[in-house]
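# Structural features, examined
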Amino acid sequence: ALSNARRRWGSCAPDGSIRINWRLIMAPDMVRRAVVAHEVAHLVHFDHSPAFHLCLRELFEGSVHEANRWLK
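Residues numbered from 1 in each chain as written. Predicted model: local features only at pLDDT ≥ 70, side-chain atom pairs only at ≥ 80, totals over all residues. Heavy atoms only, no water.

Next up on the list: the sheet that holds strand β3 (residues 18–21). Whenever strands of a sheet pair, they do so through backbone hydrogen bonds, lying parallel or antiparallel. Spatially, β1-β3-β2 is the arrangement adopted by the three strands of the open sheet, whose pairing is mixed. Whereas interior strands pair on both sides, the edge strands pair on one side only; in this sheet they are β1 (2–3) and β2 (10–12). Sheet analysis places β2 next to β3, joined by three bridges and oriented antiparallel. Within β3, the residue paired with G10 across the bridge is I20. (Pairing = 2+ DSSP bridges. Helix = DSSP H or I, 4+ residues; strand = E, 2+ residues; numbered from the N terminus.)

Following this line, the structure appears as structure tokens:
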């Protein structure tokens, strides 16, 4: 689903629903894909553990660091 959140680019709820901020449409493709990969990784690991970050690296082929830097 799309969201209008002021502080979050995406979120994943315990029930597996994912919300993505509509403002990402203005972001570069790499950034949009990084946010989606981040939320999808939460479907497997509902935390920010090393296992989560490994899953995220497997899902996203780009630089998570660069995407996060753009978002900030």
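What follows continues from the structure just given.
Right, let's talk about the pattern of salt bridges for a bit. Enumeration over the complete set of coordinates arrives at three salt bridges. A salt bridge links R33 to E61; the nearest nitrogen and oxygen atoms lie 2.0 Å apart. Within this pair, whereas R33 is found in helix α1 (residues 29–44), its partner E61 is found in the loop between α2 (50–59) and α3 (64–71), the two being separated by 28 residues in sequence. Judged by its relative accessible area of 32%, R33 falls in the partly exposed class. Looking at E61, the relative accessible area reads 62%, which means it is exposed. By sharing partners, the salt bridges in this structure join D29, R32, R33 and E61 into a single network. (Salt bridge = Lys/Arg side-chain N within 4 Å of Asp/Glu carboxyl O. Buried < 20%, exposed > 50% of the residue type's maximum accessible area, 1.4 Å probe, protein only.)

Residues spaced three or four apart along an α-helix point in a common direction, a consequence of the helix completing one turn every 3.6 residues. Relative to the 22 Å expected for 16 residues at 1.5 Å per residue, α1 spans 23 Å between its end C-alpha atoms, a close match to the ideal helical length. Of the positions making up α1, those classed as buried are V31, A34, V35, A37, E39, A41 and H42. Its buried side turned inward, α1 meets β2, β3, α2 and α3. (Expected span 1.5 Å × (residues − 1). Contact = heavy atoms within 4.5 Å.)

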